[in-house]
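Here's the letter readout for the chains.
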Amino acid sequence: FLFVTVPNTDSADTTLRNLHRASSSSATLFKIDVPVLLVGTLDTLMNLSDDLAKQDMAVESVVKKIERTHQDLSKTEGSIPVNGISREHFTCNFAWDYAKYPHKRPLKELVTLVTSGVASIEEELRNLSTTLADKASSLSEMRRKKAGSMLVSDLSSTLPDSVVSQINLLDTEYLKTVFVAVPKSLKQTFLSSYHTIGSDLVSYGPSGSRDSLKGSPCVPGSAKCVLEDFESSLFTLTILKSQYTSGHYVGPSFKSGPSLDFLDLFSKACRDKRYVMKEYTHSPGAESRSKVVLEEGEAKVEHMQASLGRWCKAHYGEAFTSWVHLKVIRVFIESVLRYGLPVNSTTCVYQVKAGKGDVLQNQLVEMFKHLSPEEDDGEKEEGGEEFLPYVCQKFTLD
């Protein structure tokens, strides 16, 4: 689409007929009525003209974000209707919304009215998208722990009660049963050497020189494979929980040394060998509760996706109409800066035929070449764009 504004040399109807005759082979023309907006000072117009380029891109970005969000949620490529009609129909039959954008307000206020409304939509979209992303991330984490290999899954919610009932779980003052997930490729290595994991952790030396002999806290012969999946095996091991370090006398009294906890140290020693010591707290019915939590998480994400999809449909029209109004304001300001006051111009929308963009431009340049000063002929506008003898704003609907 092209929004084009040209000065009237005779009547608006004559200008429109000339525009139609010059471009009938390359585009379909639609006349739109642009209200005469409050112009203000020349400085205001020039500043607005500079700012509107950035604001136009910002509003377009919001429109595209809503489109992409809706497409991602609906898994379809169809466009969202604008106030019950297609985007193309709305653009070609544009009518200024006088109730929402009173044309008697100063131009600067009018632009702020348009852009602030879109900024509010963007903020709401950001918040909703962040909430959905957080819920989806939590759901993915629950699924990973539920369906992933035992190297990453949460045993408290995935280890069946039928398996747990067959395990003698120890948790005494000195001994504890731990679960270790082992990659299948390392299973035989683990079975032949698990009793040496953390071989420098426990002091087994005689009284007075306890640190002279070191060993693993793992009880030899305690390894038992309790479960296997597609890439790992889950073993139970019995390990020494802790050990008091050497004490000393303070006067006539003997002071015991601090207790050294082996659980974290043994876990690190397992990681060094690419094994994973898994945390586990037995809770009857945890597996079924985990399933319920997962289903609730899935329902919340589905509900949030549906809500965001409806939100996109409800707010897309508002963002899109704001964008078109901003385009119309831009061509109005540019036409005043270029053609002067009083306003005596015609604005139309071209729906360009496929592959005919350059043809239409050449036709319009030829038709309005008398509006191009000789010294500007063939030169570029500031910003590198080619100077055209008519006011033009491109409008692309992907």
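A quick note: this is a predicted structure, and the numbers were derived from the prediction, not measured.

### Observations concerning the nonpolar core
Here is step 1: Ranked by internal contacts, the top residues of the largest apolar core, which has 50 residues, are Ile66, Phe320 and Ile329.
Here is step 2: When contributions to this core are tallied by element, the ones reaching two or more residues are α2 (42–74), α3 (87–92), α4 (107–147) and α9 (286–339).
Here is step 3: Of the residues forming this core, the biggest block, 18 residues, is contributed by α9.
Here is step 4: When near neighbours in sequence (up to four residues on either side) are disregarded, phenylalanine 320 contacts Val63, Val82, Arg87, Phe90, Thr91, Phe395 and Leu397.
Here is step 5: Ranked by size, the runner-up nonpolar core spans 17 residues in total, among them Leu186, Cys218, Leu263 and Phe266.

### Section: the sheet that holds strand β2 (residues 27–31)
Here is step 1: Taking strand neighbours across the sheet as the criterion, the 4 strands line up as β2-β13-β1-β14 in an open arrangement whose pairing is antiparallel. Every interior strand has two partners, whereas the edge strands, β2 and β14 (391–394), have only one. The sheet shows a mean angle of 25° between the axes of neighbouring strands, direction not considered.
Here is step 2: Where β2 meets strand β13 (residues 345–352), 5 bridges bridge the pair, whose relative direction is antiparallel. In the strand pairing of β13, leucine 29 is matched with tyrosine 350.

### Let's talk about helix α1 (residues 12–23)
Here is step 1: Between the first and last C-alpha of α1 there are 17 Å, a value that for 12 residues agrees with the 16 Å anticipated at 1.5 Å per step.
Here is step 2: Where α1 is concerned, the buried positions are Thr14, Thr15, Leu16, Leu19 and Ser23.
Here is step 3: The secondary structure elements touched by the buried residues of α1 are β1 (2–7), β2, β13 and α10 (357–367).

### Considering the pairing of β13
Here is step 1: Sheet topology note: the β1/β13 ladder contains 6 bridges and is antiparallel. The residue of β13 that forms the bridge with valine 6 is threonine 346.

Cut-offs applied
- Residues numbered from 1 in each chain as written.
- Predicted model: local features only at pLDDT ≥ 70, side-chain atom pairs only at ≥ 80, totals over all residues.
- Heavy atoms only, no water.
- Core = buried A, V, L, I, M, F, W, Y, C linked by side-chain atoms within 4.5 Å.
- Buried < 20%, exposed > 50% of the residue type's maximum accessible area, 1.4 Å probe, protein only.
- Helix = DSSP H or I, 4+ residues; strand = E, 2+ residues; numbered from the N terminus.
- Contact = heavy atoms within 4.5 Å.
- Pairing = 2+ DSSP bridges.
- Axes fitted to C-alpha atoms, helices over the stretch in contact; angles between N-to-C directions.
- Expected span 1.5 Å × (residues − 1).

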